[in-house]
Structures are given as structure tokens and as C-alpha cells.
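# Fold and contact review
Chain residues, written in single-letter form:
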Amino acid sequence: MYVAVKGGEKAIANAHRLLADRRRGDRSLPGLTIAQLIGQLGLAVDRVMAEASLYDQSLAALALKQARGDMIEAIFLLRAYRTTLPRFGASVPLETGRMQVERRVSATYKDLPGGQLLGPTFDYTHRLLDPDLLNETAEVEEPARRDGEAEAVMRVSDILDREGLIEPDGEMPEDHVPGDLTREPMEFPMPRDLRLQALARGDEGFLLALGYSTQRGYGRTHPFVGEIRMGLVEVEFEVPELGLTLSLGEIRITECQMVNQFKGSAKAPPQFTRGYGLVFGQSERKAMSMSLVDRALRTGEFGEDVVAPAQDEEFVISHCDNVQATGFVEHLKLPHYVDFQAELDLVRRMRARHKPAEETTEHEEAAE
Amino acid sequence: MPDRTETFAGGFANAVFDSQAVFRTLMDCMARPGQTGEVTLSLAPPAPLGIAAGAVMLTLCDHDTPVWLSPKLSQSPVPGWLAFHGGAPLTTERHEARFAFFEGRAPLPSLGAFALGSQEYPDRSTTLIIEVASLDNGQPLTLSGPGIRDTAGIAPNGLPADFLRQWSGNGALFPRGVDVVLTAGRRLVALPRTCKITAKTLTESVAETPASEG
Amino acid sequence: MSAPHTEPVTAPESAGEAELAAYNFAYLDEQTKRMIRRAILKAIAIPGYQVPFASREMPMPYGWGTGGVQVTAAIIGPEDVLKVIDQGADDTTNAVSIRAFFQKVAAVRATTHTADATIIQTRHRIPEHTLKEGQVLVYQVPIPEPLRFLEPRETETRKMHALEEYGLMHVKLYEDIARHGRIATTYAYPVKVHGRYVMDPSPTPKFDNPKMHRSEALQLFGAGREKRIYAVPPHTDVVSLDFEDHPFEVQQFDRPCALCGATHVYLDEVVLDDRGGRMFVCSDTDYCETRQAEGHVGEMLATSEREAAE
């Protein structure tokens with residue numbers, strides 16, 4: 001006798017109850033607050049905002065909490081929420097030259113106007129586990145503060161630009177409407193604005209690996225970090241109906257300008273080329289990886305051959321989205337028994353036909 | 001000066017459910033050429049736009065779809081009505097239009113002047129919404145193609161003069177080509193580009209649509 | 001017109017201080033629905049051609065039916081009756097989950113009876129019960145491009161479709177014959193639609209391919225991650241690719257369903273024990289249950305159950 005398995009609905013409800021239990025963990029401990037997550041796991045919150053393309057610390061922290069710390073799940077939650085939001089328009093391009101800089105380093109000049117500013121970096125920390133953090137026993141010192149007005153800090157690329165040593169920062173045509181791949185179907189080849197959007201949303205690990213591969217010779221671009229800067233910039237929105245520009249507030253971003261391999265021809269004198277990265281929040285690794293991949297993807301513009309994965313636009317852009325990737329990889333756990341049955345049947349039939357031949361071979365071998 | 005009441009009034013009473021109902025009617029008609037759909041909900045587009053045509057406009061047109069209007073519609077309160085209820089940009093370039101609207105008896109320009117899509121992206125073509133006087137007391141036409149079991153019949157009254165000849169040319173472009181929705185007051189019939197139309201009377205030149213089969 | 005749910009469905013959780021937006025009927029905002037609706041109309045007008053659309057992030061993972069869900073959300077109304085199946089069954093977890101989603105965001109009536117449904121969303125099967133005019137079958141599609149595994153580049157496959165250059169597909173099928181003595185494609189078996197476009201029928205077993213041919217129902221296909229929508233209108237030719245000397249043939253099962261005794265249906269293999277015991281039952285659970293209710297009996301149907309039911 002056989003009774004078919006039933007009760008999918010109940011199984012799902014029970015699974016979700018157990019998940020909620022595991023998320024909450026030990027009830028005798030206080031639950032994490034959103035403020036704690038923003039305050040103490042800020043870089044995780046930043047990554048969720050960056051790859052979800054939504055700048056909202058509270059919602060990103062909520063997503064992180066709900067996802068039990070699973071970054072891609074949190075990114076997914078926030079993106080699914082973002083989709084439902086109305087879209088009012090595009091902001092005025094961010095003026096990173098007017099950034100209130102918290103960190104700014106250049107690898108191309110020893111000193112430069114505005115100086116090198118290390119800021120809150122892990123660089124030069126010795127990676128030794130800190131037992132003081134176990135129980136928050138030690139008092140944390142107040143940071144040193146610099147007095148005076150925050151001034152605009154010039155970009156390193158501007159220094160090179162003044163001498164004509166670097167390619168111009170490509171201007172978009174006057175009537176160019178910035179693309180948005182969350183609103184329009186993708187099409188290859190892609191204009192650079194859409195490509196940069198895809199990279200900014202792209203998986204940090206995937207871009208890191210691709211950027212790394214260019215350094216190891218898979219599409220080498222001879223990069224120098226012209227500049228990395230991180231800090232607050234103002235977001236402005238133009239309201240043509242009212243004839244004014246509104247400030248929507250400030251957001252923290254990380255920008256990386258990579259100075260790459262020069263190009264020249266009989267007509268044009270040699271110039272360095274650019275790779276660009278910009279990410280929500282503080283994420284140098286992501287901004288640097290993005291600028292390496294951006295430059296690698298400009299291969300076609302410079303008449304170079306596409307020889308490495310990082311230079312292959314369709315490959316990189318189609319696979320850099322971790323929400324898409326995780327969905328499709330993980331869908332393999334869904335039932336596929338109808339298809340598998342079809343394969344099973346075919347393999348059985350083919351094996352049945354194959355058998356006599358196998359037996360003959362074995363027999364012959366035995367005879368030898 | 002367009003009448004402002006006409007601009008603001010006469011839209012969907014409930015945009016979410018009304019547009020869903022109109023879309024389903026249109027989808028069923030597009031999937032079954034020859035089948036007549038009817039827009040039963042209350043809607044009052046400004047003249048000379050018909051009710052079904054107005055319903056299709058509000059259901060499908062928005063900021064992302066440049067709309068081309070016939071000269072007479074452009075001069076009517078329709079642009080204001082469309083801007084208020086749909087927010088769609090108008091275009092005078094036919095090949096840029098996602099949708100084109102014609103009032104009854106409007107002359108039909110060359111279909112080839114509208115967007116026909118490309119061989120790679122044949123979907124990027126204009127959908128024309130053409131008002132006729134009636135769908136069933138005019139010249140009997142026989143339809144065949146996808147969506148039709150054997151043949152279907154319509155008898156539109158007031159079809160633009162050389163429509164059949166142009167339609168045959170449109171079919172020869174497959175997979176490129178425009179799609180058409182014929183409207184008559186509250187009623188509509190869809191003619192996707194795959195639809196072959198032949199006039200039933202022998203005297204009419206029978207539109208020999210070249211087979212699209214490869 | 002009856003509109004029982006004019007109130008927006010509110011989001012279940014609130015984000016502490018933050019105000020979360022209310023969701024629209026059928027989840028998608030109206031602009032998104034219009035965009036999908038336009039794509040659906042073009043898809044119907046060009047049978048088998050994959051229309052690119054700006055697929056949205058849905059509250060379920062890519063690869064789990066987001067394309068089908070978006071198509072259903074764009075067409076569904078308060079009058080509809082929805083059936084959702086996965087592997088032919090209404091009770092598989094992902095089917096349950098998608099049905100619950102629509103009951104929540106569109107408060108739509110649901111059914112498991114194929115004949116009662118106006119919209120059937122499916123993954124991997126076409127119901128055994130012949131579909132009728134007025135029904136819409138919405139397929140969830142993982143990889144809409146039939147040429148993808150022969151040529152991974154979208155830029156190339158788009159050209160191949162444009163030029164109707166399908167030689168590569170025939171070469172692939174023929175290589176199967178050379179190597180295995182038969183075409184070794186058992187599911188997602190490519191078809192030609194209206195004599196023009198080669199189309200992926202989604203990973204349904206090829207057993208179901210003949211059901212697509214001149215079906216009375218409208219068939220819509222949604223691929224969310226790959227951002228494509230395509231369609232087969234009713235009464236449209238859908239021909240499985242084959243060769244004169246190796247004609248297309250579907251799977252044959254050499255026994256009837258063990259529960260309802262049906263023949264000429266697609267069967268799932270159920271492993272009964274660790275000693276090689278197995279049985280074959282209808283993959284279409286509604287079809288099987290309806291037949292059992294009508295008194296059809298397969299060899300393994302629990303006799304005690306039947307007696308209890310009487």
C-alpha cells in the first residue's frame with residue numbers, strides 16, 4: 001500500500017518557525033538592536049547597502065538581522081524591498097571633489113595637496129585577535145580630531161589631467177539619460193554607465209577575484225592607485241518644475257580612481273587610462289576591484305584583444321550579480337524528479353542496449 | 001485652448017483593476033485574432049478618441065512609451081488627457097513611437113514609416129490603434145494564422161483605403177512588422193503581424209501574404 | 001466590476017522606526033505591470049521569439065519561478081482562479097509557496113483542478129487534462145535560450161535567431177544520434193514555433209511537447225533571471241525538431257499508474273524500500289486523484305483507503 005506524501009504547506013510553516021527560532025537564538029540574551037548593528041557591524045551594513053543598491057542603514061541592518069548575518073540573503077531582502085519603491089528620478093551626479101574626506105590615500109604621489117589621510121582603516125593593524133573585545137573590558141579612546149573647516153580636496157586625476165597625461169574623463173552627451181538596469185532589459189554591448197552600475201551592485205568576492213586575475217596576467221592593465229577616497233558627499237536632486245536643486249542629505253561612499261597603462265598612437269601622444277570604482281559606504285576592497293574590472297572591460301575601447309575573463313563584458317556582467325547567482329545555483333535543490341525520470345529512463349534503455357557488447361568484451365578479456 | 005475638465009476627467013475609476021480587465025481583454029484578442037473584445041467599464045476619453053482606444057491607451061502607455069497621435073488627435077484634448085492620466089511623451093517621429101492612435105476615418109500613413117523592429121529585436125515595433133466605424137457590418141475579411149483554429153472572420157467598416165495592401169506588405173517583413181488593434185467604440189479586435197487577411201469578395205485583390213514558414 | 005481587494009495589501013513586518021511601503025495588488029507596481037503587459041503582447045505577436053523585459057527583483061529567489069510569477073502577477077485579476085504546479089504536483093513545496101504568495105498579495109481563488117483554473121502556473125510539466133480556450137498556462141523558465149548550451153553568448157544567439165540560423169542545433173541533435181544511436185535530449189527538447197523560431201519549451205519532459213502543438217490555451221513563458229518573456233498563441237504549430245530517419249518520439253512507460261491505472265501519462269518513479277522495490281505513479285497529481293475519485297484503481301492503491309472512503 002502506498003499513500004502519497006502530502007502536507008507541503010504545513011512543512012513550510014514548521015520550517016519557518018524553526019528558522020525564526022534559530023534567528024532569535026538564546027532568549028535569555030537581549031536581541032540585537034538595529035542601532036547596534038549600524039554602530040558596530042557598520043561595514044556589513046555598508047556591503048548590504050552597496051550590493052542592494054539602496055542607501056538606508058536601518059533597513060540594511062534589519063535585513064542583516066533577519067538574514068541571521070547571511071550577507072547575500074540580506075542583500076536579497078533589501079533588493080526585493082527596493083523594487084517596490086516608486087522612482088522619482090535621477091539625482092545630480094555626485095561631486096566627489098567636494099567630498100568631506102575621512103580617508104584619502106594615493107599611491108602615485110608621496111605628498112599632494114590635501115595630503116594623505118589614513119582614516120578608519122584596517123591597514124597596518126596587526127591581525128591579532130583582541131581579547132579585550134571578548135567582554136568589552138577596555139575603554140575605547142576618543143579619536144583624534146582635526147580642527148578647522150573641511151575643505152574640498154583635489155583629485156589626483158585632476159593633477160594628471162592638467163598636464164594632459166591621462167585620458168579625459170569621458171563626458172556623456174548633453175541629452176544622455178543615465179541608464180538603469182533595474183528598470184530596463186540588459187543588452188550587450190553595454191554603455192559604460194550601465195556597466196558601472198552592474199559592477200557597483202556586483203558581488204564583492206567575484207569582482208575581487210576578477211580584479212586579482214588581471215594582476216596575475218589574465219588581462220594585465222598596469223594599475224596604479226591614483227587615489228582612494230572615502231567620506232560624505234551631498235546628494236542633490238533637481239526639480240525642473242520648481243527650478244531648484246534640493247539637497248536630499250549626505251551619504252558615505254568610497255571612490256577609487258585607478259591610473260592604468262598608457263595608450264598612444266601616431267595621432268595622439270601617450271596618455272594614462274582610467275579605471276573607476278564607486279561604492280556605497282566604506283568598502284575599499286570593492287571600489288578597487290571594481291576599478292580594476294572597469295578598466296579591463298574597456299579593452300574594446302582601446303583596441304585591445306579580449307583574451308581574459310575579466311575583459312569579457314558578457315561574461316563578467318552576466319555573472320557578477322550574487323542574488324541572481326545564488327538563486328540559480330540554489331534552485332538545483334528544488335525537485336527535478338520529472339526531468340530526472342526522463343534521463344533515468346533514457347540511461348536505462350541505453351544501458352540495456354549496451355549490455356551484450358560489454359559482456360562480449362569481458363568474455364574476450366577473460367580468454368586472453 | 002483644451003477644455004480642462006476633459007483633461008482631468010474620464011480616466012479609470014480604479015486604475016489597478018480597470019487596467020487589468022482591459023489588458024486581459026486585449027491579451028485574449030491578441031492571442032485570438034478575429035475575436036471581438038468589449039470594454040465594459042466606464043471611461044470617457046475626449047473625442048474623437050473612442051472608449052476602447054482610450055482604454056488601451058491608459059492600460060499600456062506611460063513614461064516609457066513615446067506615443068504618436070494622428071494630426072486630428074494631436075489637435076484635440078487627447079494629448080492633455082494622455083499626459084494627465086498616462087504621462088506618456090508624445091512624438092512626431094513615427095519610427096520612435098511605441099504606440100500610434102488614429103481616430104475614425106483618419107488617413108493611414110505608410111505602415112513602413114512606423115517602427116518595424118529589427119531582425120534581432122522585432123519586438124521594438126509600433127502598435128497601431130485604429131478606430132473604425134464598426135467591426136461587423138463592413139467588408140467581410142477572412143483571417144488565418146496563429147491563434148486561429150482554421151479561419152476567423154471580421155467585417156470592419158471604415159478600414160483605411162489601402163489597409164489590406166499595406167497589411168500584406170507588413171506580413172512579408174515577419175518577424176519584423178507592426179501590430180494593429182482595430183477599435184470601434186467599446187469594441188476591439190487585434191491583428192498581430194502574423195495574421196493573414198484575405199478579402200472574401202473575389203473582386204477584391206486577395207492579399208497574398210507570403211508564407212513566413214522557413 | 002467586482003473588486004474585492006481594492007485596499008493595498010500591507011507588508012507583514014514593520015521595520016521598527018522605518019515605515020515600510022504597502023504592496024500593490026499582485027505585488028508589482030502598475031508601471032512594472034504595464035511594462036510586462038507590453039512585453040506579453042509583443043510575445044504573442046511574434047510566437048516563440050524571446051522578448052527582453054526589465055525583470056524585477058521578486059521576493060523569492062531567481063531560478064525559483066520569478067519569471068512565471070511576474071507574468072502571472074501582470075495578468076491576474078480578481079476573477080481568476082489560479083492553479084500552481086511543480087513537477088505536475090500541486091503539493092510540492094515551491095508550488096505551495098507560490099500559490100500562498102498570490103493568495104496573500106492578490107487574494108485570488110486557488111484550485112488544484114486543472115479544468116477549473118483560468119491561470120495555471122507550472123514548472124516542468126504540462127497537465128495531462130487537455131487545456132481549453134480561456135485558460136492560460138504560465139511556464140517558469142530557467143534558461144529561455146534553446147541555443148545557450150551550444151553558444152553561451154547572447155550577442156551570438158540573437159544573431160542566429162535573427163538569421164534563422166539553426167544549423168548548430170541540428171548538428172547537436174545529430175551528434176547525439178551518432179554517439180548514442182538516438183537523440184539523447186529528454187527534457188527541454190527544442191521546438192520550432194509557427195515555422196520560424198526555435199524555442200525552449202522550458203525543462204518539461206519531451207513527453208509534454210505534443211501538448212503544446214495547436215493547444216487551445218494561450219501559453220506564456222517567463223524567465224525572470226534571464227529577463228525574457230515569450231509566448232505561443234492558441235492553435236499555433238509547435239513542432240519538435242527531428243530528422244527523417246530519426247523522428248521525434250516521446251517517452252513510453254511500459255506500465256500504467258500504480259494508483260489510478262492511467263496509461264499514456266507521464267509517471268514518476270517512487271522508491272519504496274532499499275531492496276529495489278519501486279512503483280510508478282502519475283506525476284500530475286490532480287489527474288491521478290480525479291481518476292481515483294471516478295473509481296479507477298491502480299494495482300498499488302491502498303485497499304483500506306478505498307474502503308474507508310466508501
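Residues numbered from 1 in each chain as written. Chains lettered and ligands numbered in written order. Predicted model: local features only at pLDDT ≥ 70, side-chain atom pairs only at ≥ 80, totals over all residues. Heavy atoms only, no water.

In terms of regular secondary structure, chain C is built from eight helices and twelve strands. Over its C-alpha atoms chain C spans a radius of gyration of 21 Å, differing by no more than 12% from the 19 Å that the globule rule assigns to 310 residues. For chain C, the residues scored as buried account for 61% of the 310 residues in total. Intrachain contacts of chain C at a sequence separation of at least 6 include 61% that bridge at least 24 residues. (Helix = DSSP H or I, 4+ residues; strand = E, 2+ residues; numbered from the N terminus. Rg over C-alpha atoms; globule rule 2.2 N^0.38 Å. Buried < 20%, exposed > 50% of the residue type's maximum accessible area, 1.4 Å probe, protein only. Contact = heavy atoms within 4.5 Å.)

We now examine the overall build of chain A. Counting its regular elements, chain A contains twelve helices and four strands. Rg of the C-alpha trace for chain A: 27 Å, well past the compact-globule value of 21 Å for 368 residues, more than 25% over. Along the first, second and third principal axes, the C-alpha set of chain A runs to 90 × 70 × 55 Å. Looking at the 368 residues of chain A, the share that counts as buried comes to 39%. The long-range share in chain A, meaning contacts at least 24 apart out of those at least 6 apart in sequence, stands at 64%. Averaging the coordinates of the 43 positive side-chain charges in chain A and doing the same for the 61 negative ones gives two points 4 Å apart. (Lys, Arg positive; Asp, Glu negative; His and termini not counted. Charge placed at Lys NZ, Arg CZ, Asp CG, Glu CD.)

Turning our eyes to something else, we now look at the packing of helix α2 (residues 15-31) of chain B against helix α3 (residues 51-60) of chain B. The angle between the axes and the distance between the axes are what describe a pair of packed helices. Residue and element names in this part refer to chain B. Between α2 and α3, the least distance of the axes is 9 Å, while the angle of their chain directions is 110°. In this view, α2 runs roughly perpendicular relative to α3, as classed from their interaxial angle. Along its contact with α2, which presents Ser19, Val22, Phe23 and Leu26, the element α3 presents Ala55, Val56, Thr59 and Leu60. Across the contact of α2 with α3, the residue classes tally to six nonpolar, two polar and no charged. (Axes fitted to C-alpha atoms, helices over the stretch in contact; angles between N-to-C directions. Parallel < 35°, antiparallel > 145°, perpendicular 65-115°, else oblique. Nonpolar A, V, L, I, M, F, W, Y, C, P; charged D, E, K, R; others polar.)

What follows covers the domain arrangement of chain A. All names here are of chain A. Assigned domains of chain A: these are domain 1 (9-82) and domain 2 (96-120 + 150-170 + 180-320). Listed per partner, the contact involves 13 residues of domain 1 and 13 residues of domain 2. Around 1100 Å² of area is buried between domain 1 and domain 2 when both sides are counted, 48% of it from carbon and sulfur atoms. Looking only at domain 1, the three residues that lose the most surface to domain 2 are Ala50, Glu51 and Tyr55, adding up to 44% of its buried area. At the boundary of domain 1 with domain 2, the tally comes to two salt bridges. Two residues, arginine 47 and aspartate 203, come together in a salt bridge whose shortest N-O distance is 3.0 Å. Joining domain 1 to domain 2, the criterion identifies seven residue pairs in polar contact (both at pLDDT 80 or more). Of all the elements in the fold, those that place two or more residues in the side of domain 1 that touches domain 2 are α3 (42-52) and α5 (71-83). Within the side of domain 1 that touches domain 2, the residues separate by chemical class into seven nonpolar, one polar and five charged. (Domains from an automatic or database assignment. Buried area = accessible area lost by both parts, 1.4 Å probe. Salt bridge = Lys/Arg side-chain N within 4 Å of Asp/Glu carboxyl O. Polar contact = N/O pair within 3.5 Å; in protein donor to acceptor, adjacent residues only side chain to side chain.)

Structurally, asparagine 94 of chain C can be placed in helix α3 (residues 93-106). A relative accessible area of 7% means that asparagine 94 of chain C is categorised as buried. Beyond its immediate stretch of four places on either side in the chain, asparagine 94 of chain C contacts Leu334 of chain A together with Trp64, Asp86 and Gln140 of chain C.

As a further point, take the interface of chain C and chain A. Tallying the contact residues gives 69 residues for chain C and 49 residues for chain A. Here chain C packs against chain A, burying approximately 5100 Å² in sum over the two surfaces, 58% of which is carbon and sulfur. On the chain C side of the interface with chain A, the three residues burying the most area are Glu57, Trp64 and Arg182 of chain C, jointly 12% of the side's total. Inspection of the region where chain C meets chain A yields four salt bridges. Linking arginine 348 of chain A and glutamate 269 of chain C is a salt bridge whose minimum nitrogen-to-oxygen distance equals 2.9 Å. Scanning the region where chain C abuts chain A turns up 24 residue pairs in polar contact (both at pLDDT 80 or more). Looking at the side of chain C that touches chain A, the elements that each hand over two or more residues are α1 (30-45), α3, α4 (154-162), β11 (267-271), β12 (278-282) and α8 (303-309) of chain C. Taken together, the residues of the side of chain C that touches chain A break down into 32 nonpolar, 18 polar and 19 charged.

Further remarks concern the packing of aromatic side chains. Per the stated rule, a full pass over the model turns up 16 aromatic pairs over all chains. Seen from their ring centres, tryptophan 68 of chain B and phenylalanine 102 of chain B are 5.3 Å apart, and the 45° between their planes marks the pair as tilted. Taken together, the positions of tryptophan 68 of chain B in strand β2 (residues 67-69) and phenylalanine 102 of chain B in strand β3 (residues 99-102) put the pair 34 residues apart, joining distant regions of the chain. Chaining the aromatic ring pairs together yields one cluster made of Trp68, Phe102 and Phe114 of chain B. The side chain of arginine 225 of chain C reaches across the aromatic face of phenylalanine 328 of chain A, ending 3.6 Å from its centre. (Phe/Tyr/Trp six-rings, centres within 6.5 Å; stacked < 30°, edge-to-face > 60°. Lys NZ or Arg CZ within 6 Å of the ring centre and 35° of its normal.)

Residues and elements named next belong to chain C. Spatial strand order, β1-β9-β8-β5-β4-β2-β3: seven strands in an open sheet with mixed pairing. Across the chains shown, the open sheet's two edge strands, defined by having one partner strand only, are β1 (51-52) and β3 (109-110). Examined bridge by bridge, strand β8 (residues 218-223) and strand β9 (residues 228-232) share five bridges and lie antiparallel to one another. The residue of β9 that forms the bridge with glycine 222 is isoleucine 229. Against the sheet, α1 contacts β1, β8 and β9, and its axis sits at roughly 40° relative to β9. The sheet strands contacting α3 are β2 (81-86), β3, β4 (119-123) and β5 (136-140), and the helix crosses β2 at an angle near 155°. (Pairing = 2+ DSSP bridges.)

This brings us to the nonpolar core. Of all hydrophobic cores here, the largest spans 113 residues; its most connected members are Met27 and Phe101 of chain B together with Ile40 and Leu220 of chain C. In this view, isoleucine 40 of chain C contacts Phe23 and Met27 of chain B together with Val71, Ile75, Leu220 and Ile229 of chain C; residues no more than four positions away in its chain are not counted. With 31 residues, the next largest nonpolar core counts Leu116, Leu182, Val189 and Cys195 of chain B among its residues. (Core = buried A, V, L, I, M, F, W, Y, C linked by side-chain atoms within 4.5 Å.)

All right, on to the interface of chain C and chain B then. Interface size is often expressed as the accessible area that is lost when the parts come together. With 48 residues of chain C in contact, the opposing surface of chain B contributes 46 residues. Seen at the junction of chain C and chain B, the total is six salt bridges. Note that arginine 149 of chain B is salt-bridged to glutamate 216 of chain C, the shortest N-O span being 3.5 Å. Put simply, chain C and chain B have 19 residue pairs in polar contact (both at pLDDT 80 or more) between them. Those elements that provide at least two residues to the side of chain C that touches chain B are α1, β1, α2 (66-75), α4 and β8 of chain C.

What follows covers helix α7 (residues 285-293) of chain C. Every α-helix carries 3.6 residues per turn, so stepping three or four residues along brings you back to the same face. Residue and element names in this part refer to chain C. Restricting attention to buried positions, one finds in α7 the residues Thr285, Asp286, Cys288 and Arg291. Buried residues along α7 sit against β2 and β12. With a side-chain oxygen lying 3.2 Å from the backbone nitrogen of aspartate 286, the N-terminal cap of α7 falls on aspartate 284. Phi for glycine 295, located one or two positions after α7, is positive at around 100°.

The next subject is the side chain of aspartate 193 of chain A. Residue and element names in this part refer to chain A. With respect to the element layout, aspartate 193 can be found in helix α7 (residues 192-201). Buried charge without a salt bridge: aspartate 193, with arginine 195 as the nearest opposite-charge side chain at an N-O distance of 8.5 Å. A polar atom in the side chain of aspartate 193 sits 3.2 Å from the backbone nitrogen of glycine 179. Residues within four places of aspartate 193 in sequence aside, it is in contact with Met172, His176, Val177, Pro178 and Gly179.

Between side chains of opposite charge, a pair can form when the charged atoms approach closely. Residue and element names in this part refer to chain A. Throughout the structure, instances matching the rule amount to 56 salt bridges over all chains. Note that aspartate 169 and arginine 274 form a salt bridge whose closest N and O atoms lie 3.9 Å from each other. Of this pair, aspartate 169 sits in the loop between α6 (156-162) and α7 while arginine 274 is found in strand β4 (residues 271-280), placing the two residues 105 residues apart along the sequence. By relative accessible area, aspartate 169 is classed as partly exposed at 47%.

Attention now goes to a nonpolar patch on the surface. A cluster of nonpolar side chains, Leu242, Leu244, Leu246 and Leu248 of chain A, forms an exposed patch at the surface whose accessible area comes to about 380 Å². As for its position among the elements, leucine 248 of chain A is in strand β3 (residues 244-263). (Patch = residues over 30% accessible without salt bridge, like charges linked within 9 Å, V, L, I, M, F, W, Y side chains within 5 Å. Areas by Shrake-Rupley, 256 points an atom, 1.4 Å probe, with all protein chains shown as cover.)

With that settled, consider the confidence of the model for chain C. Residue and element names in this part refer to chain C. Mean pLDDT over chain C stands at 90; residues scoring 70 or higher make up 90%. Ignoring residues within four places in sequence, the model shows residues 1-18, a span with pLDDT below 50, making 30 contacts including any to other chains. Two numbers describe this predicted complex: its pTM, 0.89, and its ipTM, 0.92. (pLDDT = per-residue confidence, 0-100.)

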